[in-house]
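# Coordinates in review
Residues per chain are reported as follows:
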Amino acid sequence: MKSHPHVAIAGATGAVGTELLQCLEKRGFPVGEITLLASARSAGKTLKFAGKDVVVKELTKDAFAGVDIALFSAGGGTALEFAPAAAAAGAIVVDNSSAFRMDPGVPLVIPEVNPEAAQGALAKGIIANPNCTTIVTLMALAPLHRAFGVKQLIASSYQAVSGSGVAGTHELETQISALAAGEPILTDCYPHQIAYNAIPQVDVFTENGYTKEEMKMVNETRKILGLSENEIAVGCTCVRVPVMRSHAVSVTASFREAVSVEAAREAIAAAEGIQVVDDPATGLYPTPLDSTLKDDCMVGRIRKDLVLENGLSFWVVGDQVLKGAALNTVQIAELLLK
């Protein structure tokens, strides 16, 4: 890999795409050349990078000539169509969609959790970015797994509307305004009113009664931690809540070795990318707002579980657009430079 690679962003004008640009600049990623790609209707727009105007080009299969790293944030269908072309042109693709996550030939990477997996990118030239809820959860769970060996995981997510992109944030804003004005509530992005509500459905339902989002947590957790179905049991309920940005997850986990609250705090505090914010006596615990626009995830409410043997319960929050998407993608690109 070049020390100053040619970087392309596919889906550059979307919410995560623009965040990718900001992350590259903020972290001082050594971009030698930048190519911004989007759909035909967005081609011709201008975005700022490193103080310069960059014209967005149309995403085509021929757009990756000379590109070293291609960061994709353009949806699963687009990734399936164009990512192989980028890889064939010689680029390493880091894809944000779910298109390649469970492909056995594609590594699924959280740099603080399994950085060594990125070496597997050479097989297909593609690395998958995990689901945002999985990332936030594992940022807190992985240090505990390394120390005590996780065997059961039960999670309930409280997911911000930013997870649905601009459409989600727009729907929440317009519904709140409509309620204040006494106007009719219109629903489009979500199956029910999201303003002042909680919807126990993220993505579509599958045959087993779980949603695709919930099954992403189940399957991706096992792949990232390198554990089989027999080694870790995972259950999940994903809920959309009227929060603009940053996801929260309530986690209960049991471990193979005995674990105390103090030892858990120490294990998490020693890990990168996660902060312990946990002093219930003074009302100190993290909320989604605390992690919004922050690189690190935050964990609190760490306590012994009252049901499971060697069990802990805790609460973890993280910015869905940053660590759940753009930041993790750029961190993977940084791994490629090493």
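Rules and cut-offs
- Residues numbered from 1 in each chain as written.
- Predicted model: local features only at pLDDT ≥ 70, side-chain atom pairs only at ≥ 80, totals over all residues.
- Heavy atoms only, no water.
- Helix = DSSP H or I, 4+ residues; strand = E, 2+ residues; numbered from the N terminus.
- Rg over C-alpha atoms; globule rule 2.2 N^0.38 Å.
- Buried < 20%, exposed > 50% of the residue type's maximum accessible area, 1.4 Å probe, protein only.
- Contact = heavy atoms within 4.5 Å.
- Areas by Shrake-Rupley, 256 points an atom, 1.4 Å probe, with all protein chains shown as cover.
- Lys, Arg positive; Asp, Glu negative; His and termini not counted.
- Charge placed at Lys NZ, Arg CZ, Asp CG, Glu CD.
- 1 Å grid on protein atoms, 1.4 Å probe; cavity = no way out; pocket = protein on both sides within 12 Å on 5 of 7 lines; lining within 4 Å.
- Points joined across faces, edges and corners; volume = space filled by probe spheres on them.
- Nonpolar A, V, L, I, M, F, W, Y, C, P; charged D, E, K, R; others polar.
- Core = buried A, V, L, I, M, F, W, Y, C linked by side-chain atoms within 4.5 Å.
- Pairing = 2+ DSSP bridges.
- Axes fitted to C-alpha atoms, helices over the stretch in contact; angles between N-to-C directions.
- Phe/Tyr/Trp six-rings, centres within 6.5 Å; stacked < 30°, edge-to-face > 60°.
- Right-handed = clockwise from strand over helix to strand, strands pointing away.

## Regarding the overall build of the protein
Looking only at helices and strands, one finds eight helices and 14 strands in the protein. Taken over the C-alpha trace, the protein has a radius of gyration of 20 Å; the compact-globule value for 338 residues is 20 Å, and the two agree within 12%. Seen along its three principal axes, the alpha-carbon backbone of the protein occupies a region of about 55 × 55 × 40 Å. For the protein, buried positions account for 54% of its 338 residues. For the protein, contacts bridging at least 24 residues in sequence account for 66% of all contacts bridging at least 6. About 14600 Å² of surface is accessible on the protein, with carbon and sulfur atoms providing 52% of the total. Between the mean site of the 27 positive side-chain charges and the mean site of the 36 negative ones, the protein shows a separation of 2 Å.

## Some remarks on empty space enclosed by the protein
For the coordinates displayed, the defined rule picks out one cavity of 30 Å³ or more. For the largest cavity, the calculated volume is near 30 Å³. Along its surface, the largest cavity is lined by Glu-112, Val-113, Leu-138, Met-139, Ala-142, Pro-143, Arg-146, Ala-271 and Glu-272. Of the residues assigned to the lining of the largest cavity, the class counts are six nonpolar, no polar and three charged.

## Brief notes about the nonpolar core
Generally speaking, a soluble globular protein has its nonpolar side chains buried in company with each other. One finds Phe-64, Phe-72, Leu-144, Phe-255, Ile-274 and Val-316 to be the most contacted residues of the largest nonpolar core, which totals 62 residues. Among the elements that make up this core, the one with the highest residue count is helix α3 (residues 132-148) (nine residues). Residue contacts for Phe-255: discarding those within four places in its chain leaves Leu-141, Leu-144, His-145, Phe-148, Gly-149, Val-150, Lys-151, Glu-309, Asn-310 and Leu-312. In terms of nonpolar packing, the next biggest core, distinct from the first, is built from 35 residues, Ala-12, Val-94, Ala-325 and Ile-332 among them.

## Focus: the environment of Pro-5
With respect to the helices and strands, Pro-5 occurs in the segment before β1 (6-10). The sequence separation of Pro-5 and Ile-34 amounts to 29 residues, and the corresponding C-alpha distance is 8.7 Å. Once residues lying within four places of it in the same chain are set aside, the contact partners of Pro-5 are Phe-29, Pro-30, Val-31, Gly-32, Glu-33, Asp-68, Ile-69 and Leu-337.

## Section: the sheet that holds strand β12 (residues 274-276)
Read across the open sheet, the six strands follow the order β10-β9-β11-β14-β13-β12; overall the sheet is mixed. On the outer flanks of this sheet lie β10 (233-240) and β12, each paired with one strand and no other. Neighbouring strand axes in the sheet, compared pairwise and without regard to direction, differ in orientation by 20° on average. Relative to strand β11 (residues 247-255), strand β9 (residues 150-159) runs antiparallel, the two being bridged by eight bridges. Note on β11: the bridge partner recorded for Val-150 is Phe-255. Sheet contacts for helix α5 (residues 212-225): β9 and β10; angle to β10, the most-contacted strand, approximately 140°. The sheet strands contacting helix α6 (residues 261-269) are β12, β13 (297-304) and β14 (311-318), and the helix crosses β13 at an angle near 165°.

## Here we look at unusual backbone geometry
Phi at Ala-50 takes a positive value of approximately 55°, unusual for a residue other than glycine. Positive phi values are uncommon outside glycine, yet Arg-301 reaches one of about 55°. Within the secondary structure, Arg-301 sits in strand β13. Look at Arg-301 and you get partly exposed, because its relative accessible area is 38%.

## Some details on the layout of surface pockets
In this structure, the largest pocket encloses a volume near 800 Å³. As for the largest pocket, its lining consists of 36 residues, of which Ser-162, Gly-163, Ser-164, Gly-165 and Gln-320 are closest to the centre. Among the residues making up the lining of the largest pocket, the classes are represented as twelve nonpolar, 18 polar and six charged.

## Quick look at the packing of aromatic side chains
Inspection of every chain in the model, using the stated rule, returns three aromatic pairs. When the centroid spacing of 6.2 Å and the interplanar angle of 75° are considered together, the rings of Phe-148 and Phe-255 count as edge-to-face. Taken together, the residues span a long stretch of sequence, with Phe-148 in helix α3 and Phe-255 in strand β11 at a distance of 107 residues. Here Phe-148 falls in the buried class, since its relative accessible area comes to 11%. A relative accessible area of 0% places Phe-255 in the buried class.

## What about the pairing of β14?
Remember that side chains alternate between the two faces of the sheet whenever the strand is regular. Most of β14 sits out of view: seven of its eight residues are buried. Note that β13 and β14 share five bridges and pair antiparallel. What sits directly across from Met-298, in β14, is Val-317. Where β13 hands over to β14, the hairpin turn is made up of six residues, of which Asn-310 adopts a positive phi near 55°.

## A closer look at the pairing of β1
Counting buried residues along β1, five of its five residues qualify, which places the element largely inside the surrounding structure. With burial as the criterion, each face of β1 is covered, one bearing His-6, Ala-8 and Ala-10 and the other bearing Val-7 and Ile-9. Where β1 lies against strand β2 (residues 33-38), five bridges are found, and the strand directions are parallel. The residue bridging Ile-9 from the neighbouring strand is Leu-36, located in β2. Read as a crossover between parallel neighbours, the route from β1 over helix α1 (residues 15-26) to β2 is right-handed.

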